[in-house]
Amino acid sequence: MIDLRSDTVTRPTPAMREAMASAEVGDDVYSEDPTVNRLEREAAETFGREASIFVPTGTMGNQIAIRLHTQHGQEVICEARSHVLDWEMAMMSAFSGCQARAVAAERGILTWQHIKPAIGAKIYYRAQTGLISLENTHNMAGGTVTPLPVLEEVWAGAREAGLPVHLDGGRVFNAATALGLDVAKLTSGFDTVMFCLSKGLGAPVGSMLVGSRKAIEQARIYRKALGGGMRQAGVLAAAGLIALHEMSKRLHEDHANARLLAEAVAAEPAAAEIDMETVQTNIVIFKLRSKDRATGGDAAAFTAALKQKGVLVSAIGPHSIRFVTHYDVDRVACERAAAIVSEHLRVL
Ligand SMILES: *Cc1c(COP(=O)(O)O)cnc(C)c1O
């Protein structure tokens, strides 16, 4: 099976398994796991920040960040298809008592022009904005990248408005790779950054929340409250260190493979509609067309048909398909998948 459903399906590499087997460990709730401590120190260094904390999932990292920056009864400005809104179990309301002020932005790129009018007026009878949350790359917009100048404008505007800014950087290393920038530079103006070790970076489990020492001290309390206090987590952090330092350097391969798949889709315009401008990293999203063009094509049927031929993909809407490339699907496998996709689109 060629599994293009998500980059979360990556299994730990042989080097990771070796490092996991020989990891030095201790009780991390007592801050005594040397491998977790090292991962937290080195992740903070990589992002040019004071501190970071290892969390079991990106969802927990994002939700801790939202709790850190907000008070109950406030609003969080985020993009309309963002992960914090659509895929995190309404936890910004359940855990932080906040509601989302969702703003739709073309290709998921939230600019200051979108954000400024969404900020609650400073009037006592309107809900106040507590936080701005961005997503880079933007998953459901197709792995799109928000460029640095757009971010700089958001950081400057937010500073002037006295608002904190969080980055859901589940795939921020993909964004940095696409832009040819260091992650520290690409994220310097955010108050907190969450990134995933378990996506394209290939670790079996884990994400990091990065920020000031004070923010991360408080994050440790919220992590424990959410049940995220882990014990000998060094076996996981050992894989995380390889993800952070090694796997982050090869993401351009995934991006080239995504482009190959996207080009196969774009070559069949009668059967599929794709915005090639969105194909910037390791995600490919497109819409199927129906024969009569009156409606879209059937995504569930397409997914089932590809599965029969050994390719797993995701239906992310009634007519929409997503491919995600990653370490466990190499160039040869992507070429085979592209051929199968082309063949199938041609007969649709
Ligand atoms: C995957 C993902 C997360 C975190 O997901 P978990 O499954 O909770 O680790 C957060 N943000 C984005 C954009 C993601 O794609």
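In case you missed it, the structure is sitting above this.
Calculation notes
- Residues numbered from 1 in each chain as written.
- Predicted model: local features only at pLDDT ≥ 70, side-chain atom pairs only at ≥ 80, totals over all residues.
- Heavy atoms only, no water.
- Core = buried A, V, L, I, M, F, W, Y, C linked by side-chain atoms within 4.5 Å.
- Buried < 20%, exposed > 50% of the residue type's maximum accessible area, 1.4 Å probe, protein only.
- Helix = DSSP H or I, 4+ residues; strand = E, 2+ residues; numbered from the N terminus.
- Salt bridge = Lys/Arg side-chain N within 4 Å of Asp/Glu carboxyl O.
- Contact = heavy atoms within 4.5 Å.
- Expected span 1.5 Å × (residues − 1).
- Arc of directions from axis to C-beta.

Q: Got a minute to help me understand the nonpolar core in this structure?
A: Grouped burial of nonpolar side chains is what soluble globular proteins tend to show. Counting 49 residues, the largest nonpolar core has Phe54, Ile132, Leu134, Phe173, Phe195 and Leu197 as the members making the most contacts within it. Counting residues per element, this core draws most heavily on helix H11 (residues 234-245), which supplies seven residues. Among the nonpolar cores identified, the runner-up in size contains 30 residues, and Ala271, Val284, Ala337 and Leu345 belong to it.

Q: What is the right way to read unusual backbone geometry from this model?
A: Negative phi values dominate among residues other than glycine, just as trans dominates among peptide bonds. For the bond from Asn136 to Thr137, the omega torsion is 0 degrees, close enough to zero to count as cis. Residue placement: Thr137 occurs in the loop between strand S5 (129-135) and helix H7 (148-161). Its identity is not glycine, yet Arg107 carries a phi of approximately 55 degrees, on the positive side. With respect to the helices and strands, the residue Arg107 is situated in the loop between strand S4 (99-103) and helix H6 (112-115). The class of Arg107 is partly exposed, set by a relative accessible area of 29%.

Q: What exactly am I supposed to notice about the pattern of salt bridges here?
A: Close approach of charged atoms allows side chains with opposite charge to pair. Going through the model one piece at a time under the given rule, you end up with 16 salt bridges. Salt-bridge contacts for Glu40 lead to Arg220; the nearest nitrogen and oxygen are separated by 3.1 Å. Residue Glu40 is located in helix H2 (residues 34-46), and its partner Arg220 is located in helix H10 (residues 213-225); the two are separated by 180 residues in the primary sequence. Residue classification places Arg220 among the partly exposed residues on the basis of a relative accessible area of 27%. We note a salt bridge from Arg289 to Glu273, for which the minimum N-O separation is 3.6 Å. Of this pair, Arg289 sits in the loop between strand S10 (283-288) and helix H13 (299-308) while Glu273 sits in strand S9 (residues 272-273), and the two are 16 residues apart along the sequence. Salt bridges here are not isolated pairs; linked through shared partners, they connect Arg250, Glu253 and Asp254.

Q: Help me out: how do you make sense of the environment of Met91 in this one?
A: With respect to the helices and strands, the residue Met91 is situated in helix H5 (residues 91-94). For Met91 and Ser22, which are 69 residues apart along the polypeptide, the C-alpha to C-alpha distance reads 36 Å. Among all residues touching Met91, those that are not within four sequence positions of it are Gln63, Ser96 and Leu226.

Q: Can you walk me through H10 in this structure?
A: Since one α-helical turn is 3.6 residues long, residues separated by three or four positions face the same way. Counted at 1.5 Å a residue, the expected span for H10 with its 13 residues is 18 Å, and the 19 Å between its end C-alpha atoms agrees. The complete set of buried residues in H10 reads Ala215, Ile216, Ala219, Tyr222 and Arg223. Across the axial projection of H10, the buried residues extend over an arc of 110 degrees, all falling on one side. Of the residues in H10, the exposed ones pointing more than 90 degrees away from the buried face are Lys214, Glu217, Ile221 and Ala225.

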